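Tertiary structure, described
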Amino acid sequence: MPETNVTLTNKTGLHARPAGAFVRVAKQFQADIKAHHNGKEANAKSILSVLALGAENGSSVLLKAEGADAQQALDALTELVNTKFGEPE
Amino acid sequence: MNRIEILSPFTGRVLPIEEVADPVFAEKMVGDGLAVEPTEGVGLAPVAGQLAVFHTAGHAFAVQVTPEVGVLVHVGLNTVQMKGQGFGRSAEKGDTVKAGQPVVKFDIPAINAAGYSPISPVILPDLPADYRIEKTTAKSVRAGQDVLMTLVRG
């Protein structure tokens with residue numbers, strides 16, 4: 001199962017706007033995608049689940065995906081996180 | 001559950017979500033709902049459930065009602081930037097809360113003084129397609145007393 005670690009460098013971490021963008025990208029893929037942070041696991045396709053991680057600026061999140069397009073899903077989510085969710089700084 | 005009543009977390013004027021001056025809410029990027037412009041600085045749990053989200057900055061919380069339904073309450077717009085200043089916690093993440101139980105206290109003048117809007121969206125994220133939202137037509141609501149939205153299944 002492919003997995004990758006990402007670091008949240010945007011100002012607010014996985015809060016409302018970034019979480020909405022994260023889930024929207026995750027839903028474009030068939031793969032089952034989980035985000036792990038601080039001992040908690042979130043369904044990457046659920047806004048409430050992602051918000052419940054409480055992942056803030058500077059923290060790291062482990063993404064794991066399973067399914068035919070798992071690697072593409074992780075690549076797209078990593079790109080989103082690394083471009084700070086398109087947020088102006 | 002086939003019918004879930006969501007009480008207003010706030011006392012104040014009701015606004016359509018589309019009129020909220022933040023596209024993340026107005027464009028329903030996190031879900032549909034309504035907003036309230038609060039006149040009192042208290043936010044209550046709108047439903048009974050588990051306090052699944054309570055941001056460290058105190059300005060956003062969510063109550064999970066069933067595994068598939070939760071209500072997100074966001075006090076003010078862009079208030080994450082206040083980093084908890086002007087916000088006080090009356091409950092903690094993981095708590096089981098009753099409908100109408102106080103969750104957060106906030107200082108409306110401090111929010112205004114910091115340059116943010118106190119307009120507070122109440123959102124239903126991840127809502128399954130078989131639920132529809134009946135929104136109140138009232139112009140103003142009382143916290144913990146008036147139903148803001150009703151979720152109806154089927």
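Note that the structure is predicted; figures quoted are calculated from it, not measured. (Residues numbered from 1 in each chain as written. Chains lettered and ligands numbered in written order. Predicted model: local features only at pLDDT ≥ 70, side-chain atom pairs only at ≥ 80, totals over all residues. Heavy atoms only, no water.)

As a general feature of sheets, a regular strand has side chains that alternate between the two faces. Residue and element names in this part refer to chain B. Taken across its 5 residues, strand 11 (residues 120-124) has 5 buried, putting it largely inside the fold. Side chains of strand 11 alternate between two faces, with S120, V122 and L124 and P121 and I123 buried alike. Here strand 3 (residues 32-38) pairs with strand 11 via 5 bridges, running antiparallel. Its bridge partner being in strand 11, A35 is matched across the sheet by P121. The sheet contact formed by strand 7 (residues 69-74) and strand 11 spans 2 bridges and is antiparallel. Across the sheet, L72 pairs through a bridge with I123, a residue of strand 11. (Buried < 20%, exposed > 50% of the residue type's maximum accessible area, 1.4 Å probe, protein only. Helix = DSSP H or I, 4+ residues; strand = E, 2+ residues; numbered from the N terminus. Pairing = 2+ DSSP bridges.)

Here we take up the interface of chain B and chain A. The partner chain A presents 17 residues to the 23 residues of chain B that form the contact. Of the roughly 1,500 Å² buried where chain B meets chain A, counting both sides, 60% is carbon and sulfur surface. Where D22 of chain B meets R17 of chain A, a salt bridge forms, and the shortest distance between an N and an O atom there is 3.3 Å. Across the contact surface, chain B and chain A share 9 residue pairs in polar contact (both at pLDDT 80 or more). (Contact = heavy atoms within 4.5 Å. Buried area = accessible area lost by both parts, 1.4 Å probe. Salt bridge = Lys/Arg side-chain N within 4 Å of Asp/Glu carboxyl O. Polar contact = N/O pair within 3.5 Å; in protein donor to acceptor, adjacent residues only side chain to side chain.)

This brings us to the side chain of D69 of chain A. Looking at the element boundaries, D69 of chain A is found in the loop between strand 4 (60-66) and helix 3 (70-82). Buried charge without a salt bridge: D69 of chain A, with K45 of chain A as the nearest opposite-charge side chain at an N-O distance of 6.8 Å. (Lys, Arg positive; Asp, Glu negative; His and termini not counted.)

Residues and elements named next belong to chain A. Of the two faces of strand 2 (residues 32-37), only the one carrying I33, A35 and H37 is buried; D32, K34 and H36 on the other face are not. In this structure, strand 2 lies alongside strand 3 (residues 40-43), joined through 4 bridges in antiparallel fashion. Of the residues in strand 3, the one forming a bridge with H36 is E41. In this structure, the hairpin formed by strand 2 and strand 3 is closed by a connection of 2 residues, where N38 is found at a positive phi of approximately 55°.

The biggest cluster of nonpolar side chains holds 46 residues, and the ones touching the most others in it are L14, F22, I33, L63 and F85 of chain A together with F25 of chain B. Secondary-structure elements contributing two or more residues to this core are helix 1 (16-26), strand 2, helix 2 (47-52), strand 4 and helix 3 of chain A together with helix 1 (23-26) of chain B. Element by element, the count of residues in this core is highest for helix 1 of chain A, at 7 residues. For L63 of chain A, the contacting residues outside a window of four places in its chain are P2, E3, T4, V6, F22, K34, A35, L74 and L77 of chain A. (Core = buried A, V, L, I, M, F, W, Y, C linked by side-chain atoms within 4.5 Å.)

Another point: the sheet that holds strand 10 (residues 102-106) of chain B. Residue and element names in this part refer to chain B. Pairing is antiparallel across the open sheet formed by 3 strands, whose spatial order is 4-10-8. Either end of the sheet is taken by a strand with one partner, and the two such strands are strand 4 (42-44) and strand 8 (87-89). Shown here is a sheet whose adjacent strand axes are inclined to one another by a mean of 20°, direction ignored. Relative to strand 10, strand 8 runs antiparallel, the two sharing 3 bridges. Bridging from a neighbouring strand, R89 pairs with V104 of strand 10. (Axes fitted to C-alpha atoms, helices over the stretch in contact; angles between N-to-C directions.)

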